[in-house]
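Spelled out from the first residue to the last, the chains are:
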Amino acid sequence: MHANVETAPKSRTTFMKLLIRYRTLVILIVLMTVFSLLRPVFIDPKNLLAILKNMSYVLVVGLGMTFIITLGGLDLSVGSIAAVVGVTFAMLVRGGTMAPIPALLIVLVLSMLLGFFNGFVSVKGKIEPFLVTLATMNIYRGLALTLTKGKPVPIVIPHFADIFGNGRLFGVIPTPVIISLVIFAISWFVYTQTKFGFFVRSIGGNQEASRVAGIEISKVKLAAYTMSGVYAFISGLILAALMNSGLPDAGRDLALDAISGVILGGTALLGGVGTMWGTLGGCLIIASLNNGMSLLGAQYHVQILVKGLVIIFAVLMDNAFKSRQR
Amino acid sequence: MLVYVNVLELSTYLLEDFVSMDEYVLELRNISKTFPGVVALKNVSMNVKKGEVHALLGENGAGKSTLIKILSGYHQPDKGGEILINGKPVTFKEPRDAIKSAIVTIYQELTLCPDMTVAENIVLDKQNEFKGFLLRQSDYQVIADRVLSALGQHEIDPNKSVRSLSIAQQQVVEIAKAVTSKAQIVLMDEPTSSISQSDTNKLMDIIRNLKANGVSVIYISHRLHEINGIADRITVLRDGELVGTVNNADVTEQDLIQMMVGRELTNVYPKRDVQIGDTVLKVENLTSGELVKDISFEVHKGEILGIGGLVGSRRTEMLEALFGLRPVTEGKIYLNDEEIHPKNPRQAIKHRIAFVTEDRKKTGLVACLPVFENINMLNAQRPSFAGYLNWAQLKEIAQKHRKTLDIRVSKIEQIMGSLSGGNQQKVALAKWLDFSPQVIIFDEPTRGIDIGAKTEIYQIMGELAARGTAILMVSSELPELISVADRILVMQEGHMKGIVEKEKMTQEYVMSLATQKSQNPAENSPMKGLMNDAR
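Please read all numbers here as calculations on a predicted model, not as lab measurements.

Calculation rules
- Residues numbered from 1 in each chain as written.
- Chains lettered and ligands numbered in written order.
- Predicted model: local features only at pLDDT ≥ 70, side-chain atom pairs only at ≥ 80, totals over all residues.
- Heavy atoms only, no water.
- Contact = heavy atoms within 4.5 Å.
- Buried area = accessible area lost by both parts, 1.4 Å probe.
- Salt bridge = Lys/Arg side-chain N within 4 Å of Asp/Glu carboxyl O.
- Polar contact = N/O pair within 3.5 Å; in protein donor to acceptor, adjacent residues only side chain to side chain.
- Helix = DSSP H or I, 4+ residues; strand = E, 2+ residues; numbered from the N terminus.
- Nonpolar A, V, L, I, M, F, W, Y, C, P; charged D, E, K, R; others polar.
- Axes fitted to C-alpha atoms, helices over the stretch in contact; angles between N-to-C directions.
- Parallel < 35°, antiparallel > 145°, perpendicular 65-115°, else oblique.
- Expected span 1.5 Å × (residues − 1).
- 1 Å grid on protein atoms, 1.4 Å probe; cavity = no way out; pocket = protein on both sides within 12 Å on 5 of 7 lines; lining within 4 Å.
- Points joined across faces, edges and corners; volume = space filled by probe spheres on them.
- Phe/Tyr/Trp six-rings, centres within 6.5 Å; stacked < 30°, edge-to-face > 60°.
- Buried < 20%, exposed > 50% of the residue type's maximum accessible area, 1.4 Å probe, protein only.
- Left-handed = near helix turned anticlockwise from the far one by under 90°.
- pLDDT = per-residue confidence, 0-100.
- Domains from an automatic or database assignment.
- Core = buried A, V, L, I, M, F, W, Y, C linked by side-chain atoms within 4.5 Å.

**Q** Quick one: what's the story with the interface of chain B and chain A, residue by residue and with numbers?
**A** Tallying the contact residues gives 29 residues for chain B and 26 residues for chain A. Surface buried jointly by chain B and chain A totals about 2300 Å² across both partners, of which 60% is contributed by carbon and sulfur atoms. Three residues stand out in chain B for area buried against chain A, namely B:Arg96, B:Leu124 and B:Leu135, and they jointly supply 22% of the buried area on that side. Joining chain B to chain A, the criterion identifies 3 salt bridges. Its salt-bridge partner being B:Arg96, residue A:Glu216 comes within 3.5 Å of it at the nearest N-O pair. In this structure, the connection of chain B to chain A is made through 9 residue pairs in polar contact (both at pLDDT 80 or more). Secondary-structure elements contributing two or more residues to the side of chain B that touches chain A are helix H2 (95-100) and helix H3 (118-123) of chain B. The greatest single-element share of the side of chain B that touches chain A, amounting to 3 residues, is contributed by H2(B). Residue composition of the side of chain B that touches chain A, by class: 15 nonpolar, 4 polar and 10 charged.

Below is the structure:
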């Protein structure tokens, strides 16, 4: 047994290290290669753009979730917030009651409040974020359903669907893709280049150390959950624009898909470690899986089954590598 | 000016002092701190002058760390006490309040973020000094480079993650973090507990430098000679109470020891005389992955084998491998000349090996359950009809242990968490005794318990040894190790550095084995012969 560890050639260990470091990318490339071989249409640029478009609203929420999970937290309520965003916006602008811009601002503030509420209850009430957001996931969904009596509210203002949903920049790139990539760039910057990102990583890595370093842990957490609300707002707008209506049922799978993407991207559920690039890769894996399996004719129930298996596989691989690192 | 009073005649006295009050950068008045079940500090008053190195001295459990944690805002003192900074009363609700008062702390437990880089850790508590929202990686680099080279640590790469460093290097980073802060008072809780002698010397230079710049340093250490070399004044605590404050120049080490331990020095470690018998446990080249390497030793009937080493020397990990909590990747374990392969604790227990763990709260006890259920944690697993538990009988067993081990509880139904550390430790031990273990592993058996209870634990260990039990005892307290153990195995970073026989046991020698550079142990060791013998 020891022979393997001790006499392994240097090059092999550096290879393993690279594999560990870029495991998300490796999975993604393998997956895309397999799908391309089975169904060449998979790598058609049109199809790739479709993958990016279908990924956009999950990626946006996943980027916010990366902050939350790095903090050692969890936000299950983002899908419900996205639904609230869609229906309240649709209701505000219905029949020309309100101009689109003020309506957007009101909905933005509302989504921030919903996110803030998650953080506030969790921080001040000293309750696990998992429990808090499990509860608010239902509360916010209930809110969306109650407001609309369970029925979709059509959005009839011009340009909305073009800007957030089905429009294309230069007639080629779907606008949701642009939006999600801009949000990605901003998130990467905040995560790696600002004090806020630094504090998020340090609190997740060692909360006590951060406390004795004088960092205001409550403020950072409240800010992160409020931000998660903003990410859900953007995601909710994309969802509403794609459907051209506010659906109280929108985003049912959103939180879990985003969490899966974040985990596949190598962000540790215990907090402290993560990257935005990883989250991008993780969300791409999930979107490619969905798309590829559809091309292969697999139905939804088979798709989620495979998705679950891939997540377990990725986490197992993560653990195996981690124990090898020590 | 300052009157030295003979400490042997007075148990508590105050230094007569003619310095005007406003020269004190820090004053503590009647500080007390009570934790559930334990009074950690009782009415402690002390003061610190500007630019002074003030040592805090006392045995484990004397309350030094609690005092430091109150000063750093980590704990809040009981009502009635007062803390004054530059003559003004302050209340610290949070560590950040202390930082605002320019009090910086090196805690005993490491307070680093393992997945962040060295430089990031060093600047973590200084973000208020940088304006704006953005990080300034190049500034951090400069700060880290400067302090690390001042500390003579050219091997530590500021861009490496802290996780990849050795424990000693992590301790250096902790020091670097503290000494780069803008501070008027620096609190150091055993900063040298896991670093080498040369690193310690560099730290002493830095302390002198701080002092020259008017910074006050409160310094905790077990090592008297270290304090001797650096301290201006020394405050001694014992069992949470103030013994006194003295000028370093006026006292000898012997005086300080007397102050620390009081009159009971000779009674702390009761003598015992046990016939040492046949080998019970024999370990050959025990290896567990990358953590524990090549450990060999024997323990005999009635023998107490001490296991020494610094924090991070992986003594606990080695014991865990013995007990089936970690895989044994190489090497052999023999019990009474028969090879055994404990793959999990259950199998180890079947071989009648007991493990009294270091962290009572985490692995020793179930704090929310009553005492008698904790005592019967193993007994309840004995075969019984349809899983039926005869609680009347089990309570009787608990009563028996309560009597023989003198576990002080009002009733055995009392909830575990409300007991004092010493009584908790006795319960943690009691649960193993009905299996008449052949080998008992004690991991830091006296951590966090008061002196009286410590003596009782040593007595119990002595009795177990007299009954023919082989005992392994990890301890970080050298006096304890030297007084209680028959031989001491010294570890460093998972490797074995030697076994010290009774006649060679001195604190200095054990320490030198535990701290010497790992690259080439034989070269800079004055004890070449012994190292070879031990291997």
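Having put the structure on the table, let's press on.
**Q** Now, about the packing of helix H9 (residues 175-193) of chain A against helix H10 (residues 195-205) of chain A: what can you tell me, with residues and values included?
**A** All names here are of chain A. The geometry of H9 relative to H10 is characterised by a closest axis approach of 5 Å and an angle of 65° between their N-to-C directions. Taken as axis vectors, H9 and H10 run roughly perpendicular relative to one another. Residues Val190, Tyr191, Thr192 and Gln193 of H9 touch H10, and the partners they reach there are Lys195, Phe196, Gly197, Phe198 and Arg201. Residues that form the contact of H9 with H10 fall into these classes: 4 nonpolar, 3 polar and 2 charged.

**Q** Just give me the short version of helix H13 (residues 391-404) of chain B, but keep the residues and values in it.
**A** Along an α-helix, a turn takes 3.6 residues, which lines up residues three or four apart on a common side. Over its 14 residues, H13(B) runs 20 Å from end to end, which matches the ideal 20 Å to within 8%, given 1.5 Å per residue. Against the buried residues of H13(B) lie helix H12 (371-375) and helix H14 (421-433) of chain B.

**Q** Got a sec to walk through the layout of surface pockets? Specific residues and values, please.
**A** All names here are of chain A. There is about 750 Å³ of room inside the second largest pocket. In terms of lining residues, the second largest pocket is bounded by 28 residues, among which Ser122, Val123, Gln207, Ile217 and Lys221 are the most central. Secondary structure elements with two or more residues in the lining of the second largest pocket: helix H6 (100-124), helix H7 (129-148), H10, helix H11 (207-212) and helix H12 (217-243). It is H12 that provides the largest number of residues to the lining of the second largest pocket, a total of 5 residues. Looking at the lining of the second largest pocket residue by residue, the classes come out as 12 nonpolar, 6 polar and 10 charged.

**Q** Describe the packing of aromatic side chains, naming the residues involved and giving the relevant values.
**A** All names here are of chain A. The final tally for this structure, using the stated rule, is 15 aromatic pairs over all chains. Judged by centre distance (5.3 Å) and plane angle (35°), the rings of Phe35 and Phe42 are tilted. The residues Phe35 and Phe42 share a single accessibility class, namely buried. Clustering of aromatic rings is evident, with ring pairs tying together Phe67, Tyr191, Phe196 and Tyr231.

**Q** Now, about the environment of B:Asp157: what can you tell me, with residues and values included?
**A** Residues and elements named next belong to chain B. For Asp157, the location among the structural elements is in the loop between helix H4 (137-150) and helix H5 (167-179). The exposure class assigned to Asp157 is partly exposed, which follows from its relative accessible area of 34%. For the pair Asp157 and Asp250, spaced 93 residues apart in sequence, the C-alpha separation works out to 43 Å. A distance of 2.9 Å separates the side chain of Asp157 from the backbone nitrogen of Asn159, its partner in a polar contact.

**Q** Break down the packing of helix H4 (residues 45-70) of chain A against helix H13 (residues 254-264) of chain A for me, with residues and values.
**A** Residues and elements named next belong to chain A. Close contact between H4 and H13 brings their axes to 8 Å; oriented N to C, the two are set at 65°. Our pair here, H4 against H13, has a crossing hand that is right-handed. In this structure, H4 contributes Tyr57, Val58, Val61, Gly62, Met65, Thr66 and Ile69 to the contact, and H13 contributes Leu254, Ala255, Asp257, Ala258, Ile259 and Val262. Tallied by class, the residues present in the contact of H4 with H13 amount to 10 nonpolar, 2 polar and 1 charged.

**Q** Break down H10(A) for me, with residues and values.
**A** Burial analysis of H10(A) places 10 of its 11 residues in the buried class, which makes it a mostly covered element. Buried residues of H10(A): A:Lys195, A:Phe196, A:Gly197, A:Phe198, A:Phe199, A:Val200, A:Arg201, A:Ser202, A:Ile203 and A:Gly204, and no others. On its buried face, H10(A) sits against H4, H9, H11 and H12 of chain A together with H3 of chain B.

**Q** Outline the confidence of the model for chain B, listing residues and values.
**A** Residue and element names in this part refer to chain B. With 89% of its residues at a pLDDT of 70 or more, chain B has an overall mean of 83. Within chain B, helix H18 (residues 528-534) has the poorest average pLDDT of any element, 34, and strand E18 (residues 470-474) the best, 95. Considering only residues more than four positions removed or in separate chains, one finds that residues 1-21, a stretch of pLDDT under 50, has 36 contacts. A low-confidence stretch, residues 518-535 (pLDDT under 50), is modelled with 21 contacts involving residues beyond four sequence positions or located in other chains.

**Q** Lay out unusual backbone geometry in plain terms, naming residues and giving numbers.
**A** Residues and elements named next belong to chain B. In this structure, Glu190 takes a positive phi of about 50° despite not being glycine. Looking at where Glu190 falls in the secondary structure, it is placed in the loop between strand E7 (185-189) and helix H6 (197-212). One non-glycine residue with positive phi stands out, namely Glu493, at about 45°. Summarising the element assignment, Glu493 is placed in the loop between strand E19 (487-492) and strand E20 (495-501).

**Q** Provide a residue-level description of the domain arrangement of chain B, including the pertinent values.
**A** Domains assigned within chain B are domain 1 (14-102 + 182-260), domain 2 (111-177), domain 3 (268-352 + 436-535) and domain 4 (367-435). Its C-alpha centre places domain 2 of chain B at a distance of 48 Å from the equivalent point of domain 4 of chain B.

**Q** Pulling in residues and values, what's your account of the nonpolar core?
**A** If you look at the biggest cluster of nonpolar residues, it comprises 138 residues, and the most contacted ones within it are A:Phe89, A:Phe160, B:Met188, B:Ile207, B:Tyr219, B:Ile234 and B:Leu256. Ranked by residue count, the leading element in this core is H12(A), at 13 residues. When near neighbours in sequence (up to four residues on either side) are disregarded, B:Leu256 contacts B:Leu57, B:Leu224, B:Ile234, B:Val236, B:Val246 and B:Val251. Within the second largest apolar cluster, 81 residues are counted, among which are B:Leu281, B:Phe355, B:Ala430 and B:Met491.

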